[in-house]
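The residues making up each chain are set out below.
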Amino acid sequence: TCFGQELNPFTFGIAKADMLIRGGDPDNMQFGNTLDDDKFDGYLFDYCISNPPFGIDWNREAPKVEAEYKKGTAGRFSPGLPKKSDGQMLFMLNGLSKLKADGRMAIIQNGSSLTNGEAGSGPSEIRRYLIENDWLETIVQLPNDSFYNTGIATYVWVITKDKPAEHAGQVQLIDASKCFETRRKAIGNKRVDITDICRDLIVKAYGEFRDGTYEAETADGKNRVICKSKVWDSVSLGYNKITVESPLLNEDGTKVLKKGKPVADKDKRDTEEVPLDEDMDVYFAREVLPFNPDAWIDRTKTKVGYTIPFTRTFYEYKEVEPADQIAKRIEAHEQSLMQKLHDLFGKESE
């Protein structure tokens, strides 16, 4: 049985009419703001599909959203709150709160949800909540220009509350940014299509859940589409943000002590991000102490963060053209220009 909530009157009307045409209950489509006027409080669903607005300001909804956050696990937003300038991750938490114990969700997000916010911030805590509960299964980067109203990079987050045992403790990233066929005629910002061939390729990569590159030929045989898959251990996406302190020194260069312990110099305070799967003391001894032997870690300030390194995962280094070859091309180009000027104006132009 299909249910839905929509704030845009035009889209809401289409959804309600569609339910009537298909023989469903039109009252299952509810009009209202999902963030501060939840029409399905207490409902649990098998599946959730969501395409929330990107970069939406939620200042107006803040009083009710923050009240919901203060309810803790009894509310929809207990893991954390994103910045008020971008509420898309609130829709992710809303959908997650409505999934059954074996429910699944696919939700569209832009790139900010992957990396925004340092350790301890709302976005990082939301990612931490998903990953440490082992609910985040796959993120698929779609081709740019896939949507009518935006050309930016977009991602499908696949959240599965009951992940298969063979996927436990892992997160799959799929780069399908080059898995498209160009439209003959654009519709707004939509210039590409994810055709059946593209869709099948992405689904194959998702289904096999392994590192690999997948290619297929387009229906006309003129081009090839490609998508790449990389499986990460979940712990590899996390890090400890440690605070590195250095001693405050007296004018004579001796350490300032308080109760026999060195006082930290706030002006020299620094931070380091240590991968969760690496011992922070080993990291500290290797990366910090050789350059600052008097430094120490203030463990009371350590915070855990999570980020999704999509760009780094699929980055391909392209070797820079050697300088001498660039110089030769410039010289040849200059000679060509001079020859054209000579042909045009004759010797008087020299």
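This report concerns the structure included in the present document. Note that the coordinates shown come from a computational prediction; the quantities given were computed from them, not determined experimentally.

Re the overall build of the protein
Summing up its helical and strand segments, the protein has 9 helices and 17 strands in all. Taking 350 residues into account, the globule formula puts the C-alpha radius of gyration at 20 Å, and the protein, at 27 Å, lies well above it. Structurally, the protein occupies a C-alpha span of about 85 × 80 × 45 Å along its principal axes. Per-residue burial for the protein yields a buried fraction of 38% across its 350 residues. The contacts in the protein between residues at least 6 apart in sequence include a share of 68% that link residues at least 24 apart. As presented, the protein carries roughly 20,800 Å² of accessible surface, and 51% of it is formed by carbon and sulfur atoms. Taken as two groups, the 48 positive and 58 negative side-chain charges of the protein have centres that lie 3 Å from each other.

Considerations on the pattern of salt bridges
Overall, the coordinates contain 30 salt bridges when judged by the stated rule. A salt bridge links R104 to E137, with the shortest nitrogen-to-oxygen separation between them at 3.1 Å. Placement of R104 in strand β4 (residues 99–110) and of E137 in strand β5 (residues 136–141) is noted, with a sequence separation of 33 residues between them. Classification of R104 by relative accessible area gives partly exposed; the value is 32%. We note a salt bridge from D134 to K163, for which the minimum N-O separation is 2.7 Å. One end of the pair, D134, is in the loop between α5 (122–132) and β5; the other, K163, is in the loop between β6 (154–160) and β7 (170–175), with 29 residues separating them in the sequence. Connected through salt bridges with shared partners, the residues D38, E68, K71, R76 and K98 form a single ionic network.

Observations concerning the sheet that holds strand β3 (residues 45–50)
Whether parallel or antiparallel, the strands of a sheet pair through hydrogen bonds between backbone atoms. One open sheet holds the 7 strands; their spatial order is β3-β4-β6-β5-β7-β11-β10, and the pairing between them is mixed. Either end of the sheet is taken by a strand with one partner, and the two such strands are β3 and β10 (212–217). The mean angle between the axes of side-by-side strands here comes to 15°, regardless of whether they run parallel or antiparallel. Note that β10 and strand β11 (residues 224–233) share 6 bridges and pair antiparallel. Of the residues in β11, the one forming a bridge with E215 is I226. Contacts from helix α3 (residues 88–97) reach β3, β4 and β6 within the one sheet, and its direction differs from that of β4 by about 165°.

Comments concerning the packing of aromatic side chains
Applying the stated criterion to the full structure yields 10 aromatic pairs. For the ring pair F3 and F45, a centre distance of 5.6 Å and an interplane angle of 55° mean the geometry is tilted. Highlighted residues: F3 in the segment before β1 (4–6) and F45 in strand β3, separated in sequence by 42 residues. On the basis of relative accessible area, F3 is assigned to the partly exposed category, the value being 30%.

Examining the side chain of S229
Here S229 shows up in strand β11. Polar side-chain contacts of S229 include one of 3.0 Å to the side chain of Q172. Engagement of the side chain of S229 in a polar contact is seen with the backbone oxygen of R210, the distance being 2.6 Å. Once you skip the residues sitting within four places of it in the chain, S229 turns out to touch Q172, L173, I174, A205, R210, D211, G212, Y214 and F314.

A look at α3
Extensive coverage of α3 is indicated by the burial of 9 of its 10 residues. Turning to α3, its buried residues are Q88, M89, L90, F91, M92, L93, N94, G95 and L96. Turning to α3, the residues buried within the fold contact β3, α2 (62–70), β4, α4 (112–115), α5 and β6.

Comments concerning unusual backbone geometry
Positioned with a positive phi, D145 is a non-glycine residue whose angle comes to about 65°. Mapped onto the secondary structure, D145 falls in the loop between β5 and β6. Positive phi values are uncommon outside glycine, yet F209 reaches one of about 50°.

What to know about the nonpolar core
Among the nonpolar cores identified, the biggest contains 34 residues, and L136, I139, W157, I159, L173, I308 and F310 are the most heavily contacted of them. Of all elements in the fold, only α2, α3, β4, α5, β5, β6, β7 and β17 (303–306) reach the threshold of two or more residues within this core. Per-element tally for this core: the top contributor is α3, with 6 residues. In terms of nonpolar packing, the next biggest core, distinct from the first, is built from 16 residues, I108, A176, L201 and I202 among them.

About the thresholds
- Residues numbered from 1 in each chain as written.
- Predicted model: local features only at pLDDT ≥ 70, side-chain atom pairs only at ≥ 80, totals over all residues.
- Heavy atoms only, no water.
- Helix = DSSP H or I, 4+ residues; strand = E, 2+ residues; numbered from the N terminus.
- Rg over C-alpha atoms; globule rule 2.2 N^0.38 Å.
- Buried < 20%, exposed > 50% of the residue type's maximum accessible area, 1.4 Å probe, protein only.
- Contact = heavy atoms within 4.5 Å.
- Areas by Shrake-Rupley, 256 points an atom, 1.4 Å probe, with all protein chains shown as cover.
- Lys, Arg positive; Asp, Glu negative; His and termini not counted.
- Charge placed at Lys NZ, Arg CZ, Asp CG, Glu CD.
- Salt bridge = Lys/Arg side-chain N within 4 Å of Asp/Glu carboxyl O.
- Pairing = 2+ DSSP bridges.
- Axes fitted to C-alpha atoms, helices over the stretch in contact; angles between N-to-C directions.
- Phe/Tyr/Trp six-rings, centres within 6.5 Å; stacked < 30°, edge-to-face > 60°.
- Polar contact = N/O pair within 3.5 Å; in protein donor to acceptor, adjacent residues only side chain to side chain.
- Core = buried A, V, L, I, M, F, W, Y, C linked by side-chain atoms within 4.5 Å.

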